[in-house]
Amino acid sequence: MEMVRIFDTTLRDGEQAPGFSMNTAEKLRLARQLESLGVDIIEAGFPIASQGDFEAVSGVAREVRQSTVAGLARARREDIDAALGALEHAARPRVHVFLATSDLHLKHKLRISRAEALQSIGEMVAYTKTRCPEVEFSAEDASRSDIDFLVQAFTIAVEAGATILNVPDTVGYATPEEYGGLFRTLRARVKERPGVVWSAHCHNDLGVAVANSLAAVQAGARQVECTINGIGERAGNAALEEIAVALAVRPDRYQTGTRLRLNELYATSKLLSEITGVSVPPNKAVVGANAFAHEAGIHQDGILKNPLTYQVISPEAVGVPAHKLVLGKHSGRNALRSRLAELGVVISEDELRECYRQVMALADVKKEITDEDIMRLSGSAPAEASTEGRAKVSDVAV
């Protein structure tokens with residue numbers, strides 16, 4: 001089975017989102033965890049952007065030994081020199097050179113012609129290659145670029161020495177069918193050389209960044225650029241944990257895998273939230289609080305009999321301690337019986353029936369039933385447990 005390289009850009013593209021800025025110490029802390037997770041490439045920052053970014057990339061480059069460390073650079077000599085300087089002590093350095101290729105960006109942002117863009121790509125990739133063994137070229141706004149011009153741009157980049165060709169959906173414009181088709185066309189028309197890897201980089205403006213990334217993998221991409229928790233500019237980037245689990249769960253569909261240690265996913269997500277102070281939504285796939293939580297009685301019954309009935313992967317596989325059966329108004333008696341047993345309470349079927357009736361009545365006025373509520377309603381709580389201010393079954397019309 002072929003492997004998909006995971007290129008984590010949490011420290012660069014993810015950090016560019018408002019509210020997610022990280023200092024050097026925080027970047028180093030997260031970089032260590034990303035290496036423990038097993039990501040192939042860590043994009044540590046944009047060295048030319050600020051002295052702080054330069055120092056952060058330099059610090060990550062000094063410390064990380066197993067993962068490749070990348071620094072971003074526009075197709076300008078001063079950017080490339082800054083990236084090379086920051087990566088001086090990297091065990092596995094990569095300079096990531098980018099230039100926009102859409103007519104919209106060329107005309108209104110860069111104010112250069114197509115010919116000038118192609119010249120810059122050739123010259124700057126070649127210059128970088130003389131000083132760094134691994135060069136990635138990204139055609140910014142590729143998904144809105146003219147396909148013939150895009151073929152020219154990537155052909156020149158390969159000829160100049162780039163071995164990773166990145167096709168960004170910079171503004172999240174593409175659909176999965178379009179994005180997968182773009183990779184098939186490019187791979188057919190750009191003469192590939194040994195060792196050249198096609199890469200996907202997707203934004204989530206239309207909510208399909210992960211779907212687009214997976215479509216690219218099906219079309220031959222063997223590097224995916226993504227972030228922890230899907231953070232990034234505007235609506236974010238493709239979420240690393242979702243891509244990783246999709247590839248792990250559906251090898252029949254994608255015929256590829258990753259080198260990630262999936263059981264480090266949850267810890268990595270939690271660390272990022274701790275550093276940034278931004279929690280993930282409870283319904284976030286893989287790492288959200290509700291990702292392995294079940295309240296519906298039918299689901300709880302299935303989970304108790306065989307977890308695969310309502311989970312495509314075990315929580316333990318991604319580092320979540322265990323699935324969670326939440327007792328609420330949709331729960332069933334089997335879930336209540338299971339929770340009572342976990343609490344060391346054994347009651348008769350008649351007692352269980354009455355306890356369940358009271359739990360359901362309480363659930364109509366309370367969002368979630370606690371262990372304390374269950375113990376009290378089962379008659380197993382100490383007398384002092386029913387204190388003023390706590391929900392009691394006597395408060396409920398039954």
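Residues numbered from 1 in each chain as written. Predicted model: local features only at pLDDT ≥ 70, side-chain atom pairs only at ≥ 80, totals over all residues. Heavy atoms only, no water.

Overview of the sheet that holds strand E8 (residues 197–202)
Across a sheet, strands are paired by hydrogen bonds formed along the backbone, either parallel or antiparallel in direction.
Here comes step 1: Spatially, eight strands are ordered E2-E3-E4-E5-E6-E7-E8-E9 in a closed barrel, and the strand pairing comes out parallel. This sheet shows a mean twist of 25 degrees between the axes of neighbouring strands, independent of strand direction.
Here comes step 2: Inspection of the sheet shows strand E4 (residues 68–74) paired to strand E5 (residues 93–100) by six bridges, in the parallel sense. When the sheet's bridge partners are listed, Ala-73 is paired in E5 with Val-97.
Here comes step 3: Against the sheet, helix H2 (residues 51–63) makes contact with strand E3 (41–45) and E4, and its axis sits at roughly 150 degrees relative to E3, the strand it touches most.
Here comes step 4: Taken strand by strand, helix H3 (residues 77–86) contacts E4 and E5, and its axis lies near 160 degrees from that of E4. (Pairing = 2+ DSSP bridges. Helix = DSSP H or I, 4+ residues; strand = E, 2+ residues; numbered from the N terminus. Axes fitted to C-alpha atoms, helices over the stretch in contact; angles between N-to-C directions. Contact = heavy atoms within 4.5 Å.)

Brief notes about the packing of aromatic side chains
Here comes step 1: Evaluated as defined, the whole model comprises four aromatic pairs.
Here comes step 2: Taken together, a centroid distance of 5.9 Å and an interplanar angle of 75 degrees make the contact between Phe-137 and Phe-154 edge-to-face. Of this pair, Phe-137 sits in strand E6 (residues 135–140) while Phe-154 sits in helix H6 (residues 147–160), and the two are 17 residues apart along the sequence. For the residue pair Phe-137 and Phe-154, the accessibility class agrees, reading buried in each case.
Here comes step 3: Ring centres of Phe-154 and Trp-198 lie 5.2 Å apart, and the angle between their planes is 70 degrees; this geometry places the pair in the edge-to-face category. Remark: Trp-198 occurs in strand E8 and Phe-154 occurs in helix H6; sequence separation between them is 44 residues. (Phe/Tyr/Trp six-rings, centres within 6.5 Å; stacked < 30°, edge-to-face > 60°. Buried < 20%, exposed > 50% of the residue type's maximum accessible area, 1.4 Å probe, protein only.)

Considering the environment of Leu-165
Here comes step 1: Secondary-structure assignment places Leu-165 in strand E7 (residues 164–169).
Here comes step 2: On the basis of relative accessible area, Leu-165 is assigned to the buried category, the value being 0%.
Here comes step 3: In sequence terms Leu-165 and Val-135 are 30 residues apart; their C-alpha atoms lie 9.0 Å from each other.
Here comes step 4: Residues within four places of Leu-165 in sequence aside, it is in contact with Phe-137, Phe-154, Ala-157, Val-158, Val-196, Val-197, Trp-198 and Ser-199.

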